[in-house]
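Spelled out, the chains give:
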Amino acid sequence: ANMLTSHILIFTRTYFMSSCADKPNKSHVSCYFLPLSAGAGGWSPLSSDRYQWLEVDLGERTKITAVATQGRYGSSDWLTSYQLMFSDTGHNWKQYRQEDSIGSFPGNSNADSVVQYKLQQPAVARFLRLIPLDWNPAGRIGLRLEAYGCPYTSDVMSFDGGSSLTYRPGPVPRQGSKQVISLKFKTLRNSGTLLHAEGREGSVLSLQLERGKLQLLLRQGKTLNISTSSSSEPRRLTSVGSLLDDQHWHLVVLRQRNSQLNLTVDRHTETVQTDEEFSLWDLMVGASQNPDAARKNFQGCLENLMYNGVNVTELAKNNDQQVSIKGNVTFSCAEPVHVAVTFPGPHSFLRLPWTMPSASSGMSVGFQFRTWNEAGLLLTFDLPRQGGEVWLYLAEARLRLRIQRGGSGLNDGQWHSVDLTSRHGRLTVSVDKQETGVAHASPSFPVLVSNQIFFGGCPAEDYNQECKKPHGTFQGCMRLLALDNQPVDLIMVQQRLLGNYSQLQIDMCGIIDRCSPSHCEHGGLCSQTWTVFHCNCSDSGYSGATCHSSAYEQSCEAYKHSGNTSGYFYIDVDGSGPIKPQLVYCNMTDENTWMVLQHNNTELTKVRPSPGEIQHLVQFDYMSEEEQLAAIIHQSEHCQQELSYQCRKSRLLNTQEGSPFSWWLGGPGTGLVQTYWGGAQPGSQQCACGLQGDCVDPQLYCNCDADRMEWSADAGFISHKESLPVRSLVLGDVQRPGSEAAYRVGSLQCHGDKNFWNAAFFDQETSYLHFPTFHGELSADVSFFFKTTASFGVFLENLGIKDFIRIELSSSTQVVFSFDVGNGPLEVSVESSYPLNDDRWHRVRAERNVKEASLRLDDLPVATQEAPADGHIHLQLNSQLFIGGTASRQRGFRGCIRALQLNGVTLDLEERAEMTPGVRPGCPGHCSSYGSLCQNQGRCVERATGFHCDCSLSAYTGVFCQTEVSADFKSGTSISYAFKELDELSRNGSDLPSSIYSDPLPRGENVSLSFRTTQSPALLLHVGSHFNQYLALLINRHGTDELELRYKLDGGRAAEVLSSSMRGLANGLLHTVTIRRSADSVAMQVKPPHYALGFAGCLSVVRYNSISPLKAALLHPDTSPVVVLGPLVRSNCGSSASANPYSAENTHHLSGKVDFSCVIAVAIFVIVTVFAITARFLYRRKETYRSREVKAAKQEESQDFHYNNQTEGRKNASGENAKEFFM
C-alpha cells in the first residue's frame, strides 16, 4: 500500500507500432502516441480489428502497478475492453491475467472519462503492449494511455548448463530457526536442477525442474559434508507449477521451519511436513550434487537470489569468500530469441511461402509444438511435381503422416524464386524450382553480362543509356540476390559501398496486403495491385468501389415510382445495411402497391392426418429470411395474410369460453399462439362471422363450429402486424369419423412504404432538424429526395474537430458533396442541364468509402473523386447532424426533403418536424414529378403519400393506364353504346364515372382504335345520328383490303369517302387507326345503328372523344349504357407485346378538315380479338358545314363493299354518290 503512494509516472512520449499480425507481409504503420495530459489526439490505428496493438518501451525494466485509459479526444473512439502484454525484450510476450484466468480489462464508456486499473500483481517488464478487444461499435479503436509504476532494480546471473554456484553461510543455524530461500528464474529447458541445499545429518533438499514442473525432493542421509554422496534415493515431497520453461520470470520461495516446508511458485503455495526437523546449511545453485546428473544442470537465468535475507548474487559479484563459482556464470541474462506462434481457435492457421533453395530431390521442415489436445493438424503442403498433398497431424496423441498423390499466378504476394542460368550455350530460367516452371533456350551467341546488371528498373534516360525499360518498372520486394552463385550483401549497397540505387527501402519488405482485412463489403471479392485494391461486386447485389451501396430499391413502392409495373423484383429493405436483398413479387394495382412474400404452400390443401395423430401440425417456410420479413413488416403501412378453413364436421375454435380446437402461431421467430381467425380481432377467439354477427349458428363465433355435415368455411385476412407472418397451424378436430377439412394460408402481402414518403418541409432558411452524430467512419452513404424553388441551400451537414461531411445545392443546377477525413477537403459535384429548383422531386445519392467518393443526381452520370493513396480513411464526427441547415444557420435549405437514409437507416423527419419550429411534417405535391408516368390520357391524382393514375378518361387501364383493353369478337358480336340526352346527363351526372359519357358539347371527333382481322370486307366502327349523319370505319376489299372511312355530316349531301393507301390490312396483324375531325359545335343523341356487315377479329383501346365504349363494356358492363350482343371475350390481342418490335411505324395524313391517320404495326403473332360498333347521333348546324367545303374531293361508286346505312331510309341506299380520297 505504501508503495502505491510513491509511484511516479513512468511514461515517455514515444513512437509505437500498430500492426496486423495475423497475416504474413502485413505492414507496420508508425503512429504518434499522446499521453492523457497532452490534450487532443490519441492513438487510432488505420484498421479497427483485433490484430492491432499499442506497444510502449519504458526504457528499462519497470515495476508496473496500474494503467489508465481514455478515448481519443473529440471522437467516438474508445476501447471497452483490452488485453495487456508484457515483455523484457520486445519478444516472447506474456499476457497479464487477473486471478490467472481473466485476460481482459474493462475499458471506457465514452471518450472523455479516465478509467484506471490497478494491477492485482505488479508486472515487471520493459515493454508494455495493449491489445484492443472491443471498442465503441459506433466508432473505432481510439486510446490515450498512461502507465504507473516504480523503478525496478535486480541482480541477475546466467548459467549455461555446465556452471554452478555454491554458497556456504556462516555459523550453522540453530535448531528451529526459520530458513527462507527466494529467487526468480527463467529458462527454455524443461528439466534441470535449480538448487540443492544440505542440512544436518546429511539430509538434502532439492528443487528440480522436471517436464516444466518444479519438484521438491528430499533425500535423507548421515553425512554433513556436501561433497559426500549418498546412495539413498530422493523422495518427492510436492510438485508446483507448470509450463515453467516458457522463458518468463517465475518467483520461487522456499520456507522451512522445523518439519514444515512451504514451497511457493509464483502465486501458488504448497505445504508439506517432513519426518524430522532439520536446518538448511550449504546451498548449491544450478547443478546437482551427483556428477552423473550433469545433463540435468540448470540452463537459464536467476534473479535476486536471496538466502535468509542475504543477496547471494551480490556476494558472487563481489567475489565473496562464502561463494564459490564453477564454470561460466555471468551476471547478465542473455536470452535467445525464440519466436513462438499461438493457434488459439478452430480457424487459426499460419501460411508461409516456400522460398528456400533446395536440392532437386530434397526438402526439410522442423519445428516444435506444445498442446493439450490429442488430435490436430500440424502442417500440410502440396506436392508440386507429383501432384497431391502431405499431412502431418496428431491422432490419439500420436504423430502420423499421410501422403496423397494426385504452378499458380506469380502475383499472389508470396515469395517465388527465379534462377537464370547460362552455361555452355544453354540458357535456363527456373521459377520456384519446379519442373513445370523451367524453360530452356539455345541462342547462337553467348549470353553474358558486360559490366553491370539492373534489378527492378533503370535510371533516368539522360543518366544512363545502357539500361532500357520497354516495360514498366517493378513494384514489389526482392531478396536473396546472388550473382554467379555469390550472395549480394544488400547492407553494403545501403551504405553506398556496392553498386548504386535510387528510391529503394533496404532491409525491409514493404508489401501491404490491402485485402486483409478486406474493405469489400457484402461478400465482394477483393483483389489488389501494389498500390490499390479492387472489389468485384458481381452477384453480390451491391455496387460501388467497395460494394457498399445496394443495387436494388428498398420497396415495391420505390420501383413503382421509377415507372415499373407488376413483376418480380429484388428488394433490399435496408439499402447498404446488413440485410441481404430478396426476390419478391410486386403487384402494382390501381389503388395500392403490394409486396408479395411467398412461402412453401399457398394453395388450398386438404387435411390428411396420420393414423393416431390427435392434432395436425402444418408449418410454413418463407422464402425470405427472418430479418427480411421483420424489416418489411415494420416499414410497411399495412400487411395482411389470408387465413381460411373449409370444413365439414370439423370444428375450429368451438365456443368463446372453451379452449379452441385449433390455433396458429404468428409473429417474429417461431411465433406466438393466436386463437382468433382471419377477419377477427386479436385475442377475440372468433372468426370473421362472429365479429360481423352472421355465423350459421348465431350462438357460435365461427361457421365451422356449428359442426354440420354440409361444407362451410371461415376465412378472412390477418392484418395485425404483430401477429404476422403466420408460422404454423395446429388443427385439432380432424380425426372424428366424417370429419373433413382444408386450409389455406395465403402469401404475406404488404403495401405502403413509410420510409419512402417520410418527409419534412423547411419554410425558412434558418430552420433545420438535428439528429445524433452520424457514424460512417469507413463507409458512408446518404440518399434522399428533394424539391425546392430556391437556388441554394444545405441539405445535410455534420462536423467534427477537423473532419466534416456536407451535401448542398450550390446553385439552381448544381449539387455538391464535400467532406474531409484528415487529408484536406474533397469535393464531388454534379452539374445538371435542367433547373433543380423547379419544385419537382430530384434524387441525390452520395457515397464515401476508403477508395472514392461518388455523387449521383437523378439519372445523370455519376461523378466520382478518388481518395488519396495511403491517406486517412476514418471520418470522425462529433457534433449533431443537421438536416436542412447548418449550425451557423446560414445557407439553409427551403423546400422539401424526404426518404432520407444514412447507411441504410431512415431518419424519421416527420417525427422530428412535429416538434421543431419552422419545419412541417410531410410534403404534398407529387404529380408535378410523377404525373408523366400516367399514360394514354390518364390523369394524375395527388395523395398524401404518392399519387394515383386515374384511367377513367382513358381507353387503357393499369397502374399507369398502360394496359390496353382488348376483346375477341366473333362474327355475331357487337357492342352498342347509347348516349344520354343533355338533360339526363345533368340530372344523373354524379351517378357514374365521367369517362362513361362524352363532353355534352364536343367541337369535333377524335377516334382511335387498334384492330387485327383476316376478314374482308368488315365494319369496324359506326357512329350515326337521327339526322341522317354518320361516320363509318370499315375494311373494303377492292381486291386490296384497304381501310375506308365514310362520313356524312349533311343529310342533303352525298357521303365522303377517305381511303388509306396502305393495303392488305386484313392480314391478321395489328394495326392502329386515329381519326380526328374539327367542328364548331355538336349536339348529341343516341340511337343504335342497323348494319348489314359484321366483323370477326380483335379490337382494342377503342376511344371516341372522351369515352371508351370497349372498356366500358368489358370493365363496367352493369353501370355503362352499353348493349353487348354475341360472345365477347377479353384478351391481350392488342398489347404491345404482340407487336413486332422491329417494324417501322408509318403515319399518313390527309389535308383538309378531316385528319385521318393510319399507323401500321406488324404483329409477331395473330391473336383474334374484338368487334365494336358504337352509335352516336351527331347534330351539326348545316350552315356551318356548307361554309366549309372539303377540298380536292371526288365521288366514286364503291362496287366491292356496298355499305347500307339504313338510318337514311331505303330510298337513299342505292343512290349514294361517294367521294373517295386515296392517301
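Within each chain, residues carry numbers counting from 1 in the order of the written sequence. Thresholds applied to this predicted model are a pLDDT of at least 70 for local features of residues and 80 or more for the giving and counting of side-chain atom pairs; totals over whole chains, interfaces and linings are not thresholded and use all residues. The basis for every side-chain value is the complete set of heavy atoms in the structure, and neither hydrogens nor water enter the calculation.

Rule in force here: UniProt positions are given in the numbering used here, feature names are shortened, and annotations may be inferred rather than shown by experiment.
Per an unreviewed UniProt entry, the protein carries the name Contactin associated protein like 3 and comes from Poecilia mexicana. The Sequence similarities (unreviewed entry) field of the UniProt record for the protein holds the comment "Belongs to the neurexin family." For the record of the protein, the UniProt heading Subcellular location (unreviewed entry) holds the text "Membrane".

Focus: the overall build of the protein
Heads up, the condition is: Numbering of helices and strands runs from the N terminus, with a helix taken as a DSSP run of H or I at least four residues long and a strand as a DSSP run of E at least two residues long. Whether a residue is buried, partly exposed or exposed follows from its accessible area with a 1.4 Å probe, protein chains only, as a fraction of its type maximum: under 20%, in between, or over 50%, in that order. Surface accessibility follows the Shrake-Rupley procedure with a 1.4 Å probe radius. Residue values consider only the protein chains on display as shielding.
A tally of regular secondary structure across the protein gives eleven helices and 81 strands. Classification of the 1223 residues of the protein by burial places 48% in the buried group. When the accessible area of the protein is evaluated, it comes to approximately 60100 Å², of which 50% is carbon and sulfur surface.

Here we look at unusual backbone geometry
Residue Pro725 is bonded to the preceding Leu724 through a cis peptide linkage, with omega at 0°. Structurally, Pro725 can be placed in the loop between strand E45 (712–718) and strand E46 (726–731). That bond from Ser1016 to Pro1017 is cis: its omega, 0°, falls within 30 degrees of zero. You can see Pro1017 is positioned in the loop between strand E69 (1004–1013) and strand E70 (1018–1024).

Observations regarding the sheet that holds strand E50 (residues 769–771)
Going by this rule: Two strands are counted as paired when DSSP detects at least two bridges linking them. Note on geometry: axes are C-alpha line fits, over the in-contact stretch for helices, and angles between N-to-C directions span 0 to 180 degrees.
One open sheet accounts for six strands, arranged E50-E59-E52-E53-E54-E55; its pairing is antiparallel. The open sheet has two edge strands with one neighbour each: E50 and strand E55 (826–831). Between one strand and the next, the sheet's axes are offset by a mean angle of 15°, whatever the strand orientation. In this sheet, strand E54 (residues 814–820) lies alongside strand E53 (residues 804–811) in antiparallel orientation, the contact comprising seven bridges. From the neighbouring strand, Phe804 faces E54, where its bridge partner is Asp820.

Observations regarding the side chain of Arg727
Just so we agree on the cut-off: As used in this structure description, the phrase polar contact means that two N or O atoms lie within 3.5 Å; if the pair is within protein, one of them must be able to donate a hydrogen and the other to accept it, and residues adjacent in sequence are counted only when both atoms belong to side chains. Two residues qualify as a contact provided that any one of their heavy atoms is within 4.5 Å of a heavy atom in the partner residue.
Within the secondary structure, Arg727 sits in strand E46. There is a polar contact of 2.7 Å between the side chain of Arg727 and the side chain of Glu626. Those residues in contact with Arg727 that sit more than four places away from it in its chain are Val618, Gln619, Phe620, Glu626, Leu629, Leu665, Gly666, Gly667, Pro668, Gly669, Thr670 and Gly671.

Quick look at the nonpolar core
What counts here: Each nonpolar core is a collection of buried residues, namely Ala, Val, Leu, Ile, Met, Phe, Trp, Tyr and Cys, held together in the definition by side-chain atoms within 4.5 Å.
Counting residues in each nonpolar core, the largest one holds 65 residues, and the members touching the most others are Tyr645, Trp677, Leu729 and Phe947. When residues no more than four places from it in sequence are discounted, the contact partners of Leu729 are His616, Leu617, Val618, Phe620, Leu643, Trp663, Trp664, Trp677, Tyr743 and Val745. Counting 41 residues, the second largest nonpolar core, distinct from the first, contains Phe762, Ala846, Leu860 and Ile883.

Points about the environment of Leu1099
Relative to the helices and strands, Leu1099 resides in strand E76 (residues 1097–1104). For Leu1099 and Arg1130, which are 31 residues apart along the polypeptide, the C-alpha to C-alpha distance reads 10.0 Å.

A closer look at the sheet that holds strand E41 (residues 616–619)
Strand order in the open sheet formed by four strands is E41-E46-E43-E44, and the pairing between neighbours is antiparallel. One side of each edge strand has no neighbouring strand; the edge strands of this open sheet are E41 and strand E44 (672–674). Across this sheet, the average inter-strand angle for adjacent strands is 20°, counted without regard to direction. Of the strand pairs in this sheet, strand E43 (residues 663–666) and E44 are connected by three bridges, and their pairing is antiparallel. Residue pairing for E44: Leu665 is matched across the bridge by Val673.

Overview of the environment of Gln735
Along the chain, Gln735 falls in the loop between E46 and strand E47 (740–745). Overall, the relative accessible area of 36% leaves Gln735 in the partly exposed class. For the pair formed by Gln735 and Gln615, sequence separation is 120 residues and the distance between their alpha carbons is 8.2 Å. The contact partners of Gln735, leaving out residues within four places of it in the chain, are Pro609, Ser610, Gly612, Glu613 and Ile614. There is a polar contact of 2.9 Å between the side chain of Gln735 and the backbone oxygen of Ser610.

Points about the packing of aromatic side chains
Our working rule: Here the aromatic set is Phe, Tyr and Trp, taking the six-membered ring for Trp, and pairing holds for ring centres within 6.5 Å; pairs whose planes are under 30 degrees apart are stacked, those over 60 apart are edge-to-face, and all others are tilted. When the NZ atom of lysine or the CZ atom of arginine is within 6 Å of a ring's centre and also within 35 degrees of its normal, the charge is said to sit over that ring.
As enumerated under the stated definition, the model contains 25 aromatic pairs in all. Ring geometry for Phe817 against Phe819: centres 5.4 Å apart, planes inclined by 35°, an arrangement best described as tilted. Members of the aromatic cluster, joined through ring pairs, are Tyr82, Phe86, Tyr96, Phe105 and Tyr117. Directly above the aromatic system of Phe533 lies the positively charged group of Lys851, at a separation of 4.9 Å from the ring centroid. Across from the ring centre of Phe785, 4.2 Å away, lies the NZ or CZ of Arg898, which sits over that ring.

With respect to the UniProt feature "domain: EGF-like" (unreviewed entry) in the protein
In the UniProt entry, the feature "domain: EGF-like" (unreviewed entry) is given for residues 511–548 and 924–962. Along residues 511–548 one finds 0% helix and 26% strand; the C-alpha atoms at either end are 26 Å apart. Helix makes up 10% of residues 924–962 and strand 31%. Its end C-alpha atoms lie 25 Å apart.

Quick look at the pattern of salt bridges
To keep things clear, this is the line we draw: Counted as salt bridges are all cases of a side-chain nitrogen of Lys or Arg within 4 Å of a carboxyl oxygen of Asp or Glu.
This model, assessed by the stated rule, comprises 25 salt bridges. When the shortest N-O distance is used, the salt bridge between Glu303 and Arg61 registers 2.5 Å. Placement of Glu303 in strand E21 (residues 299–307) and of Arg61 in strand E4 (residues 54–70) is noted, with a sequence separation of 242 residues between them. Residues Asp950 and Arg939 are paired through a salt bridge, measuring 2.7 Å at the closest nitrogen-oxygen approach. Here Asp950 is found in strand E64 (residues 946–950), whereas its partner Arg939 is found in strand E63 (residues 939–943), with eleven residues between them in sequence. Ionic contacts of the salt-bridge type, sharing partners, join the residues Arg61, Asp88, Lys186, Glu303 and Glu335 into one network.

A few points about a nonpolar patch on the surface
Note the following rule: Patch membership requires over 30% relative accessible area and the absence of a salt bridge. Like charges are linked within 9 Å, and nonpolar side chains (Val, Leu, Ile, Met, Phe, Trp, Tyr) within 5 Å.
Taken together, the side chains of Phe455, Phe474, Met478 and Leu483 define a hydrophobic patch exposed on the protein surface, amounting to about 370 Å² of accessible area. Here Met478 is to be found in the loop between strand E30 (438–441) and strand E31 (482–483). Overall, the relative accessible area of 39% leaves Met478 in the partly exposed class.

Focus: the state of the cysteines
The criterion, for reference: Two cysteine sulfur atoms make up a disulfide if the distance between them is within 2.5 Å.
Applying the stated criterion across every chain yields a total of twelve disulfides. Across the disulfide, Cys301 is cross-linked to Cys333 (sulfur-sulfur distance 2.1 Å). Between Cys301 and Cys333, the disulfide has an S-S torsion of 95° and is therefore right-handed. On the criterion of sequence distance, the pair formed by Cys301 in strand E21 and Cys333 in the loop between strand E24 (329–330) and strand E25 (376–382) is long-range, its members being 32 residues apart. Looking at Cys333, the relative accessible area reads 23%, which means it is partly exposed. For Cys647, the disulfide goes to Cys704, at an S-S distance of 1.9 Å. The disulfide joining Cys647 to Cys704 has a torsion of about -100° about its S-S bond and is therefore left-handed. On the criterion of sequence distance, the pair formed by Cys647 in strand E42 (residues 636–648) and Cys704 in the loop between helix H6 (688–692) and E45 is long-range, its members being 57 residues apart. Note on accessibility: Cys647 and Cys704 belong to one class, buried.

What about the environment of Leu907?
Looking at the element boundaries, Leu907 is found in the loop between strand E61 (905–906) and helix H7 (909–913). For Leu907, a relative accessible area of 15% gives the class buried. Between the C-alpha atoms of Leu907 and Asn755, which are 152 residues apart in sequence, the distance is 8.3 Å. Discounting residues that sit within four places of it in the chain, Leu907 has contacts with Asn758, Phe771, Leu881, Ile883, Leu900 and Leu902.

Overview of the pairing of strand E38 (residues 582–588)
Here is the key point about a regular strand: its side chains alternate between the two faces of the sheet. Of the two faces of E38, the one holding Gln582, Val584, Cys586 and Met588 is buried and the one holding Leu583, Tyr585 and Asn587 is not buried anywhere. Here five bridges tie strand E37 (residues 567–571) to E38, and the two strands are oriented antiparallel to one another. Bridge pairing in E38 links Phe569 to Val584. Across four bridges, E38 lies against strand E39 (residues 593–597) in antiparallel orientation. Opposite Cys586, over in E39, you have Met595 as the bridge partner. Between E38 and E39, which follow one another and run antiparallel, lie four residues.

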